[in-house]
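Examining the three-dimensional arrangement
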Amino acid sequence: MVIWKDHGELFVRHKKNPILTVEDWPYQANSVFNPAAAIVDGKTLLLVRVEDHRGFSHFTVARSNNGIDGWEIDTEPTFTPDPVNYPEEIYGIEDPRLTYVDEMGKWAVAYTAFSDSGPLTSLAFTEDFRNFERVGPTMPPENKDSALFPVKFNGRWAMLHRPVSLMGNAKANIWISFSPDMRYWGDHQVLLYAREGGWWDANKIGLSPQPIRTSDGWLIMYHGVRPTTSKTSYRLGLALLDLEDPKKVLHRSEGWVFGPRELYERSGDVNDVVFPCGWVLTNDEIRIYYGSADTSVSLATAKVCDVLKYIHGCPEEQCPEEFCRTFEGHRHLDSE
């Protein structure tokens, strides 16, 4: 039997956390959290989810030269719901992920629209983060946590997302789908399975930031949702996908690599949550920008080499057979 080694957390919190709070905002709001992140014109750009006092969300851009402080925040909401023309946005827009699509010369904004029928994934494009061109819904409800890959695979675009069944005993897994035009999506299949039993990522998982291309493969960060008798905790894990075939999972972490620990992560509008929608590569460092307790924005970092060394030491199977034989049986049946 293989003895598992606990590596603890890989990412180190910044000493200035939280780096953005509602007190920094130039207009009235309830909370700021779950930002998308990118490097644009040499600056760190965050597309921050801002919740108003109705409980509805929109997005606002914040820019910083060093990605830590000195934030320049748009004085008005940058990207707001448009329920007249896009009725699926009637209750707001949430949790954006950014991908630069070089072939188009545009940024893709994958986000959640909150409709009268529940949340669903939507897509828009921008060149300047002032003007946005909506594509509209990409998946029907109930679906969240979508992000695009920046390149085509065999002539098709690929998107990760997380549908949820209304059946009470159904697991929430991460799926991958493909499209010739980013409007019509098909060839849907499960990419990462939620594990079972006592695992930190049992029953419900979802994508966190957008996929990052590394020399070793597509690096994926995902969240696991673990309920206990008194609370629900959101923690983060990693997976590595094949560069040429993103349907192929090369490695997947067993333990979580980051989870709620500090007071600003454990107490807020939603307790015990770390939820990154964006990360960036700066030299040899990965920076994750995450929502802390659905209330503020925080930052944590890790060396790229440390992350890749860690993920290469993780199993090639999604779940060690000796711990989860039932899961493995289901997985192999699904692939037949």
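A brief structural summary. Keep in mind that what you see is a predicted model, and the values were worked out from it rather than measured.

Rules used in this analysis
Residues numbered from 1 in each chain as written. Predicted model: local features only at pLDDT ≥ 70, side-chain atom pairs only at ≥ 80, totals over all residues. Heavy atoms only, no water. Helix = DSSP H or I, 4+ residues; strand = E, 2+ residues; numbered from the N terminus. Core = buried A, V, L, I, M, F, W, Y, C linked by side-chain atoms within 4.5 Å. Buried < 20%, exposed > 50% of the residue type's maximum accessible area, 1.4 Å probe, protein only. Contact = heavy atoms within 4.5 Å. Phe/Tyr/Trp six-rings, centres within 6.5 Å; stacked < 30°, edge-to-face > 60°. Arc of directions from axis to C-beta. Pairing = 2+ DSSP bridges.

**What to know about unusual backbone geometry**
Between Asn 17 and the following residue, Pro 18, the backbone shows a cis peptide bond with an omega angle of -15 degrees. Residue placement: Pro 18 occurs in the loop between β1 (12–13) and β2 (31–40). Here the residue pair Pro 141 and Glu 142 is connected by a cis peptide bond, since its omega of 0 degrees sits within 30 degrees of zero. Position of Glu 142 among the secondary structure elements: in the loop between β9 (132–137) and β10 (143–148). Phi is positive for Asn 203, close to 75 degrees, though the residue is something other than glycine. For Asn 203, the location among the structural elements is in the loop between β13 (186–192) and β14 (205–207). Positive phi, normally seen in glycine, also occurs at Ala 293, with a value near 55 degrees. Looking at the secondary structure, you find Ala 293 in the loop between β20 (285–292) and β21 (296–303).

**Observations concerning the nonpolar core**
Counting residues in hydrophobic clusters, the biggest one holds 23 residues, and the most contacted among them are Phe 11, Leu 238, Phe 258, Trp 279, Ile 286 and Ile 288. Those elements that provide at least two residues to this core are β16 (217–227), β17 (232–241), β19 (274–282), β20, β21 and α2 (304–312). With near-sequence residues (within four places) excluded, Phe 258 lies in contact with Glu 9, Phe 11, Arg 13, Arg 235, Leu 236, Glu 265, Val 274, Ile 288, Tyr 290 and Ala 300. Among the nonpolar cores identified, the runner-up in size contains 20 residues, and Ala 147, Phe 153, Ala 158 and Ala 239 belong to it.

**Let's talk about the environment of Pro 26**
Summarising the element assignment, Pro 26 is placed in the loop between β1 and β2. The exposure class of Pro 26 is partly exposed, given its relative accessible area of 42%. C-alpha separation for the pair Pro 26 and Leu 219, spaced 193 residues apart in sequence, amounts to 35 Å. When residues no more than four places from it in sequence are discounted, the contact partners of Pro 26 are Ile 73, Asp 74 and Thr 75.

**As for the packing of aromatic side chains**
Two measures describe an aromatic ring pair: the distance that separates the ring centres and the angle between the ring planes. According to the stated counting rule, one finds 16 aromatic pairs in the structure shown. Taking 6.1 Å as the distance between ring centres and 75 degrees as the angle between the ring planes, the aromatic pair formed by Phe 153 and Trp 218 counts as edge-to-face. You can see Phe 153 sitting in the loop between β10 and β11 (157–163) and its partner Trp 218 sitting in strand β16, a full 65 residues away along the chain. Take Phe 153 and Trp 218: they sit in the same class, and that class is buried. Arranged with centres 5.5 Å apart and planes meeting at 25 degrees, the rings of Trp 200 and Tyr 222 form a pair that is stacked. Placement of the pair is Trp 200 in the loop between β13 and β14 and Tyr 222 in strand β16, with a sequence separation of 22 residues. What links up through ring pairs into an aromatic cluster is the set Phe 59, Phe 79, Tyr 100, Trp 107, Tyr 111, Phe 129 and Phe 132.

**Describing α2**
Residues Val 304, Val 307, Leu 308, Tyr 310 and Ile 311 constitute the buried set of α2. The buried residues of α2 occupy an angular sector of 160 degrees when the element is viewed end-on, so they sit on one face. Those residues of α2 that are exposed and aimed more than 90 degrees away from the buried face are Cys 305 and Lys 309.

**Describing the pairing of strand β6 (residues 93–101)**
Burial of β6 is extensive: 8 of the 9 residues sit out of reach of the surface. Two elements, β6 and strand β7 (residues 106–115), share 7 bridges in a ladder whose sense is antiparallel. By the bridge assignment for β7, Thr 99 is matched with Ala 108. Taken together, β6 and the strand that follows it, β7, pair antiparallel across an intervening segment of 4 residues, in which Gly 105 is found at a positive phi of about 65 degrees.

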